Amino acid sequence: MDKRAKILIVDDEPFNIDYLEQELVELGCDTVSASNGREALEQVAAQAPDVILLDIMMPVMDGFQTLEQLKSAKAWRDIPVIVISAMDDVGSVARGIELGAEDYLPKPFDEVLLKARIDNSLEKKRLHDQEQLYLHGIERELEIGRTIQAEFLPAELPQPPGWEIAAFFQAAREVAGDFYDAFALAQDAKLGLILGDVSDKGVGAALYMALFRTLLRATTSMDEFENCLEMNGTTAGDSSEISAGDILKNTITLTNRYVAENHGQSSMFATVFFAVLDPVTGSLLYVNGGHEPPFIFGGGRIKYQLQPTGPVVGLFLELDFTVGEAQLEPGDTLLVFTDGVTEAHNPSQDLFGRERLLDLLDGQDTAGSLLDRVAIAVEQHRGGTKQSDDITMLAVRRTS
């Protein structure tokens, strides 16, 4: 072994401690000792032993009480414990194993058996330590991934005069497949609004989230639309002549074609809601690529449910996306959300659903307070159930 193992011997009989110390030193181990459970816990905190040899019958704190405290402490529960017990005391051995002891050592001590028990426990400890190092490494990589992924989401959202824009993002795992964006378009000072949900979850979805978000954002500002414009029957020309509808249709078409052509073997796709908002008029042009229909509501009623205008993005090469149109009047709010909201379930497997969401849309909230209220309602509905999917929302409210 690379370093000498440290063994804690816990026994109120000095003879037993002396015998075990001699045997363990010959096995190449360092030893520390304690005469009762209380001293043992102090030694564990100070010495961090690799294995504990624990007697059962001791004053102050017996072996069972000590074992319970060791296995209930997160920092100590993985230290292998070998219960020391008399040959005929099967009951104590059984209870020790039930409380979490990894092995037992009968009295009187046998040198060969002692070595076998120690070697086995040290190997378990070594494998556990390696596993923890590996898991810590993965956690570190995921933390780096989470930090990088956060940079793909906007640090700030635009707030045009007379409008409120807010977002909510809560990953189900360390990294997510959901994404959102809101940004100014050079074309006629309009705003691009995007919310997407990549199939699956975890690292794979997070990688594709970065791909989809980057393609959508970059393509809206590209000058090289000519090929796609011609394919869609639009005359290429000065970029100033390209309409908001052209930007929408061509951005989705190019993104879909790129992902399907270059990454089709992965069968990864995204549902995408992509809209262009005119802050002056309140006009909203949108493409809904297989996404959960957003709501536009105001005046105490739902005015629009923006149904899909095309299929999911990235699955097949030749897909057609049409552009829908809606209008936001003063007091209206657009709420876009992923299915992590509606499909959140409680311990009884009841989904949160669109009806519960509709009940929250009274039109009195600011954009930010609306998202907070929905998020709290979803959390309460889950009732402690683990979040099963990423939850992302984008709210756009016209105040004047």
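Residues numbered from 1 in each chain as written. Predicted model: local features only at pLDDT ≥ 70, side-chain atom pairs only at ≥ 80, totals over all residues. Heavy atoms only, no water.

## Details of the sheet that holds strand 4 (residues 81-86)
Test applied: The rule for pairing is simple: two strands pair if DSSP sees at least two bridges between them. By definition, any uninterrupted DSSP run of H or I lasting at least four residues is a helix, any uninterrupted run of E lasting at least two residues is a strand, and each is numbered from the N terminus. What counts as an axis is a line fitted to C-alpha atoms, over the stretch in contact for a helix, and the angles between N-to-C directions run from 0 to 180 degrees. What makes two residues a contact is simply this: any of their non-hydrogen atoms within 4.5 Å.
The strand order 2-1-3-4-5 describes an open sheet built from five strands, whose pairing is parallel. In this open sheet, the two strands that pair with only one neighbour each are strand 2 (30-34) and strand 5 (103-107). Taken pair by pair, the neighbouring strands of this sheet meet at an average axis angle of 20°, ignoring direction. Pairing between strand 1 (residues 6-10) and strand 3 (residues 51-55): four bridges, direction parallel. In the strand pairing of strand 3, isoleucine 7 is matched with valine 51. Of the strands in this sheet, strand 3 and strand 4 touch helix 3 (residues 63-72), which is tilted by about 150° from strand 3.

## Some words on the pattern of salt bridges
When the charged atoms of two side chains with opposite charge come close together, those side chains can pair. The following threshold applies: Think of a salt bridge as a Lys or Arg side-chain nitrogen and an Asp or Glu carboxyl oxygen that are within 4 Å of each other. Working definition: with a 1.4 Å probe on protein chains only, accessible area under 20% of the residue-type maximum means buried, over 50% means exposed, and in between means partly exposed.
A complete count under the given rule lists 17 salt bridges for this structure. In this structure, the salt-bridge partner of aspartate 55 is lysine 107, at a minimum N-O distance of 3.3 Å. Taken together, the residues span a long stretch of sequence, with aspartate 55 in strand 3 and lysine 107 in strand 5 at a distance of 52 residues. Judged by its relative accessible area of 22%, lysine 107 is partly exposed. For arginine 126, the salt bridge identified is with glutamate 123, shortest N-O distance 2.5 Å. On the criterion of helical spacing, the pair formed by arginine 126 and glutamate 123 is a turn pair, its members being three residues apart in helix 5 (residues 111-150). By relative accessible area, glutamate 123 is classed as partly exposed at 34%.

## A few points about the nonpolar core
The cut-off we apply is this: Nonpolar core, defined: a set of buried Ala, Val, Leu, Ile, Met, Phe, Trp, Tyr and Cys residues in which side-chain atoms within 4.5 Å join the residues together.
Formed by 48 residues in total, the largest nonpolar core has its most connected members in Phe179, Leu193, Val198, Val272, Leu284 and Leu334. For this core, the element with the most residues is helix 6 (residues 202-219), which contributes eight residues. Aside from chain neighbours lying at most four places away, what touches leucine 284 is Leu193, Ala275, Val276, Leu277, Ile296, Leu306, Gly324, Glu325, Ala326, Leu328 and Leu334. Listed in part, the 22 residues of the second largest apolar core include Phe168, Phe295, Ala367 and Ala395.

## With respect to the packing of helix 1 (residues 14-26) against helix 5
Selection rule: Roughly parallel refers to an angle under 35 degrees, roughly antiparallel to one over 145, roughly perpendicular to one between 65 and 115, and oblique to any angle outside these ranges. Throughout, a crossing is termed right-handed when the near helix is turned clockwise from the far one, and left-handed when it is turned anticlockwise from it by less than a right angle. Under this grouping Gly is polar, as are all residues other than the nonpolar Ala, Val, Leu, Ile, Met, Phe, Trp, Tyr, Cys and Pro and the charged Asp, Glu, Lys and Arg.
As a packed pair, helix 1 and helix 5 sit with axes 11 Å apart at the nearest point and diverge in direction by 65°. In terms of orientation, helix 1 lies roughly perpendicular with respect to helix 5. Read as a crossing pair, helix 1 and helix 5 show a hand that is right-handed. When helix 1 is examined against helix 5, the residues Tyr19, Leu20, Glu23 and Leu24 are found in contact with a partner set consisting of Glu111, Leu114 and Ile118. Class assignment for the residues of the contact of helix 1 with helix 5 results in five nonpolar, no polar and two charged.

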